[in-house]
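Read off the chains here:
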Amino acid sequence: MTDNPFFDKFADGYAKSISHKYGDDLKILSELIPENCEISLDVATGTGFTALELSKKCRMVIAIDETENMLEKARELMSANGIKNVEFVKDTFEHYKSDQKFSIMTIRRALHHFSDKDLFFRKAYSMIRD
């Protein structure tokens with residue numbers, strides 16, 4: 001799988017983005033995450049700000065992104081914050097396979113990149129715990 005060239009080029013900028021790091025949407029999302037969540041999936045994790053918030057309340061976080069430079073920035077963010085419960089996967093959500101059922105699934109600021117939103121939601125629904 002090849003990296004997305006746009007996100008490969010701009011990973012540094014996203015990692016430094018105040019809006020992505022402190023946006024009101026992240027604050028709202030963080031407030032909605034229940035305490036002691038079992039396992040979550042952060043789709044299109046980018047540089048990891050959402051995965052970082054999930055890691056504070058979930059036992060395990062799977063952070064998936066198709067671009068290695070984005071994942072590298074996310075790894076650096078976790079390391080800088082002493083976070084050890086995030087696992088990174090380089091893949092697209094469309095191709096990602098897991099038998100795991102997730103307590104929470106997030107996609108922050110990235111849904112517009114998915115051309116087939118019906119497919120996205122069908123797959124996401126099938127991966128959420130009942």
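Note that the structure is a prediction, hence the values are computed from the model and not measured.

> Just to check I follow, could you spell out the overall build of the chain for this structure?
Broken down by element type, the chain carries 6 helices and 4 strands. Going from the N terminus to the C terminus, the chain shows its helices and strands as α-α-α-β-α-β-α-β-β-α. A globule of 130 residues ought to have a C-alpha radius of gyration of about 14 Å, and the chain, at 14 Å, matches this closely. Within the span of the chain, comprising 130 residues, buried residues form 45% of the whole. Put simply, of all contacts in the chain between residues at least 6 apart along the chain, 67% involve residues at least 24 apart. Of the roughly 7,600 Å² that the chain leaves accessible, carbon and sulfur atoms contribute 52%.

> How should the pattern of salt bridges be read in this particular structure?
Proximity of charged atoms lets side chains of opposite charge pair with each other. The full count for this structure, using the stated rule, is 7 salt bridges. Among the salt bridges present, the one from lysine 57 reaches glutamate 35, with a minimum N-O distance of 3.9 Å. Residue lysine 57 is located in the loop between helix H4 (49–55) and strand E2 (58–65), and its partner glutamate 35 is located in the loop between helix H3 (24–32) and strand E1 (37–43); the two are separated by 22 residues in the primary sequence. Judged by its relative accessible area of 17%, lysine 57 falls in the buried class. Arginine 75 is the partner of glutamate 68 in a salt bridge, and the nearest nitrogen-oxygen pair spans 2.7 Å. You can call glutamate 68 partly exposed: its relative accessible area is 28%.

> Honestly, the side chain of serine 55 in this entry has me stumped. Any pointers?
Residue placement: serine 55 occurs in helix H4. Contact partners of serine 55, with chain neighbours within four places excluded, come to Val61, Ile83, Asn85 and Val86.

> Would you explain the sheet that holds strand E3 (residues 86–90) in this entry?
Strand-to-strand pairing in sheets goes through backbone hydrogen bonds, with the strands running parallel or antiparallel. Spatial ordering of the open sheet is given by E3-E2-E1-E4, a layout of 4 strands whose pairing is parallel. Here the strands that pair on one side only, and so sit at the sheet edges, are E3 and strand E4 (104–106). Across this sheet, the average inter-strand angle for adjacent strands is 15°, counted without regard to direction. Two elements, E1 and E4, share 3 bridges in a ladder whose sense is parallel.

> Honestly, unusual backbone geometry in this entry has me stumped. Any pointers?
Generally, phi is negative for residues other than glycine and the peptide bonds are trans, each holding for most cases. You will see that asparagine 36, though not glycine, has its phi angle at about 60°, which is positive. Looking at where asparagine 36 falls in the secondary structure, it is placed in the loop between H3 and E1. Asparagine 36 gets classed as exposed once you look at its relative accessible area, which sits at 72%. Although it is not a glycine, alanine 44 sits at a positive phi angle of roughly 55°. Its place among the elements puts alanine 44 in the loop between E1 and H4. A relative accessible area of 25% means that alanine 44 is categorised as partly exposed.

Parameters at a glance
- Residues numbered from 1 in each chain as written.
- Predicted model: local features only at pLDDT ≥ 70, side-chain atom pairs only at ≥ 80, totals over all residues.
- Heavy atoms only, no water.
- Helix = DSSP H or I, 4+ residues; strand = E, 2+ residues; numbered from the N terminus.
- Rg over C-alpha atoms; globule rule 2.2 N^0.38 Å.
- Buried < 20%, exposed > 50% of the residue type's maximum accessible area, 1.4 Å probe, protein only.
- Contact = heavy atoms within 4.5 Å.
- Areas by Shrake-Rupley, 256 points an atom, 1.4 Å probe, with all protein chains shown as cover.
- Salt bridge = Lys/Arg side-chain N within 4 Å of Asp/Glu carboxyl O.
- Pairing = 2+ DSSP bridges.
- Axes fitted to C-alpha atoms, helices over the stretch in contact; angles between N-to-C directions.

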